[in-house]
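Remarks on the overall topology
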Amino acid sequence: MAGKTLYDKLWDAHVVRDSGDGAVLIYIDRHLVHEVTSPQAFEGLRLAGRKLWRKAANLATPDHNVPTTPTERHGGVAAIADPVSRLQVQTLDQNCQEFGITEFSMNDPRQGIVHVIGPEEGATLPGMTVVCGDSHTSTHGAFGALAFGIGTSEVEHVLATQCLLQKKSKAMRIRVEGAAPAGVTAKDIVLAIIGEIGTAGGTGYAIEFAGQAIRDLSMEGRMTLCNMAIEAGARAGMVAVDQTTIDYVKGRPWAPKADLWEQAVADWRTLHSDADAVFDKEIVIEAAGIKPQVTWGTSPEMVVAVDARVPDPAHESDSVKREGMKAALAYMGLEANTPITEIQIDKAFIGSCTNSRIEDLRAAAAVAKNRRVADSVKLALVVPGSGLVKKQAEEEGLDKIFIEAGFEWREPGCSMCLAMNADRLEPGERCASTSNRNFEGRQGQGGRTHLVSPTMAAAAAIAGHFVDVRDL
Amino acid sequence: MEKFEKLTGIVMPMDRPNVDTDAIIPKQFLKSIKRTGFGPNLFDEWRYLDQGEPDADNSRRPLNPDFVLNQERYQGAKILLARENFGCGSSREHAPWALADYGFRVIIAPSFADIFFNNCFKNGLLPIVLDEKTVDDLFREIDATPGYALRVDLETQIITKPDGGEISFEVDEFRKYCLLNGLDDIGMTLQHVDDIRAYEARRQQEAPWLF
């Protein structure tokens, strides 16, 4: 019999009941909760008179809606200007209180984007099943965990039963072989993968990322990579546990201690695919060929290297794709064959669950240091992923570097990744963004998003247009 | 959950791939703490010419006459015909809530994004995967035939065309059973409380750091 994939091992360890009709009951170790996708789930529990199954498995924080300007933030929840957002944040506070769930509320120093604080607290551990009513839950797969996003009905299901009914996915392995060239980050690797397999390439699969370029990544880099597995269509992305994983987890507040730590580490070291494991699909990409990436369209698969030109729909033979490209170029206000480096930007956004961790901020600050944001750029935002990331960055003086260069230094939250708060693009504005989705209207109605790495976003803010960060 | 057995309805075509859940229901409407009322903001950015806000009176907003949802011939549509990777992106269940609230009960496409597909079944919406050729044919037939309607029977897993032609479709046994009976997943899972407790007890021995 063939060996097991990492996904098989994680799945098998969590099967509660398999009735053989295609829906397997699996156990959920960690449930992360935020204000946008949970109110209807708590309401559902109340209406049905159901109890929370296991309080300690849940961790909540408001992130999508919270304001990021220091003035609005420091007044507390009552001072959130948008009454609809305020009510949603208050509702989360009330629900967590009523059901006894640990919440890092808006001005708690540990508050932040759920996908940043889970790992930061050690609430995300190797071998766990981690879910959240947010598609970017795939982030936590970086720890050798099975992590995926769920809808609100499933949020309610987890709250009530600590389980989910799931169908097992197929297994895909993407090996990125060789060392990544200098200047190429985890964001470039994952965008290049999405460009190669498409936004539906991973649909129906759980993706394991492997190969030297992946093993070489820090945990921050692996989180960036797994975060965007969903942009390749895969609900879950994952990376095998190694020493990098274990070193990151050690000593975090929710991580096991003393004897339990030793016992856990012994178990975690088995969390890799067996040498003879068979995958339903295997893809190999050479890291040496990857360059810094920039998206040009309205889907993350519409991506090219920074030294390329905007593609020409005339060269696309598939008619559905060709029409899609034309519509994307019209929305983006771009001409085919324009060099990427000639595209001017209006705003820059460094943040989101993809790229707001300390390593991202260090990399962007290194580019910003002793330089100035171009006069033509109306706003360059840096939004740390959590209060603790912000504190660490300030201890290292990164905030000063950004501020001196003309960036705004904000309070933690999802911010302009999805523009549920006041941070947004106006119609027609063009943004170099470290977030994960360049969909129409994602950063504000009529806004035009180009996805890039933190260094590429910082470099674009300074030049006023895209530049190859390797040339700096 | 509302049961789904069979229905006959007008089919509205949405001829573009990768329709994401941000397009189905834009972010500003996600601030609601309710499950209902999203229908008037379904496809908001494509449907209206102005910028939508949660407290706006949608009946007074200028409609985009070019958008398919606003065309006379598709009024009252219950079936949506889409292209590949429909429902990609954000996990927001507000997307199926908005589609169902508007009146759609069936979505047909060559492929769906996983989370969206799953969310549909929790809300009495039936997503049907058909091969690209069949979907292409349907797009052509709809275009040529005002009032084009399909009959969808979940029990027999058959779609009947206006000319009497039949298309069979696949659906998971468990999901079919839940939809046909309008069953609540949570109630079903809670019938297995003993299994969950037994799992927890065993797991606590094997991996105590998880508890």
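Below is a summary of the structure that appears in this document. (Residues numbered from 1 in each chain as written. Chains lettered and ligands numbered in written order. Predicted model: local features only at pLDDT ≥ 70, side-chain atom pairs only at ≥ 80, totals over all residues. Heavy atoms only, no water.)

For the rest of this paragraph, the subject is helix α6 (residues 173–181) of chain B. Taken residue by residue, α6 of chain B has F174, R175, K176, C178, L179 and L180 of chain B as its buried positions. Where α6 of chain B is buried, its residues meet β8 (163–166) of chain A together with α4 (114–121), β4 (126–129) and α7 (185–189) of chain B. Phi for G182 of chain B, located one or two positions after α6 of chain B, is positive at around 60°. (Buried < 20%, exposed > 50% of the residue type's maximum accessible area, 1.4 Å probe, protein only. Helix = DSSP H or I, 4+ residues; strand = E, 2+ residues; numbered from the N terminus. Contact = heavy atoms within 4.5 Å.)

Residue and element names in this part refer to chain A. On the basis of which strands lie adjacent, the open sheet formed by three strands has the order β1-β2-β8 and antiparallel pairing. Looking at the sheet topology across the chains shown, the edges are occupied by β1 (15–18) and β8. The sheet shows a mean angle of 25° between the axes of neighbouring strands, taken without regard to direction. Relative to strand β2 (residues 24–27), β1 runs antiparallel, the two sharing three bridges. Of the residues in β2, the one forming a bridge with V15 is I26. This element, helix α6 (residues 152–161), spans β2 and β8 of the sheet and lies at about 135° to β8. (Pairing = 2+ DSSP bridges. Axes fitted to C-alpha atoms, helices over the stretch in contact; angles between N-to-C directions.)

As a measure of interface size, the accessible area lost when the parts come together is often cited. At the junction of the two partners, chain A supplies 74 residues and chain B supplies 58 residues. Three residues stand out in chain A for area buried against chain B, namely Q40, W53 and Q445 of chain A, and they jointly supply 13% of the buried area on that side. Counting every contact that joins chain A to chain B gives seven salt bridges. For the salt bridge of R442 of chain A with D22 of chain B, the shortest nitrogen-to-oxygen distance reads 2.9 Å. At the junction of chain A with chain B, the criterion picks out 31 residue pairs in polar contact (both at pLDDT 80 or more). Those elements that provide at least two residues to the side of chain A that touches chain B are β1, β2, α2 (39–48), α4 (83–99), α6, β8 and α11 (258–268) of chain A. (Buried area = accessible area lost by both parts, 1.4 Å probe. Salt bridge = Lys/Arg side-chain N within 4 Å of Asp/Glu carboxyl O. Polar contact = N/O pair within 3.5 Å; in protein donor to acceptor, adjacent residues only side chain to side chain.)

Right, let's talk about the sheet that holds strand β6 (residues 129–132) of chain A for a bit. All names here are of chain A. With respect to topology, five strands assemble into an open sheet ordered β5-β4-β3-β6-β7, the strand pairing being parallel. Both outer strands of the open sheet, β5 (102–103) and β7 (146–149), are each paired with one neighbouring strand and no more. Where strand β3 (residues 30–33) and strand β4 (residues 58–60) come together, three bridges link them in parallel fashion. What sits directly across from V33, in β4, is A60.

Let us look at the environment of T338 of chain A. Residue and element names in this part refer to chain A. Topologically, T338 is positioned in the loop between α12 (319–332) and β15 (347–350). Judged by relative accessible area, which is 19%, T338 ranks as buried. Once the C-alpha coordinates of T338 and T37 are considered, the two residues, 301 residues apart in sequence, prove to be 40 Å apart. Setting aside residues up to four positions removed in sequence, T338 forms contacts with R309, V310 and I343.

With that settled, the discussion passes to the packing of helix α13 (residues 358–368) of chain A against helix α14 (residues 387–395) of chain A. Residues and elements named next belong to chain A. At a minimum axis distance of 10 Å, the contact between α13 and α14 shows a crossing angle of 40°. Classed by the angle they form, the pair α13 and α14 counts as oblique. Viewed along their axes, α13 and α14 form a crossing whose handedness is right-handed. In this structure, α13 uses I358, L361 and R362 to contact α14, whose residues at the interface are V389, Q392 and A393. Across the contact of α13 with α14, the residue classes tally to four nonpolar, one polar and one charged. (Parallel < 35°, antiparallel > 145°, perpendicular 65-115°, else oblique. Left-handed = near helix turned anticlockwise from the far one by under 90°. Nonpolar A, V, L, I, M, F, W, Y, C, P; charged D, E, K, R; others polar.)

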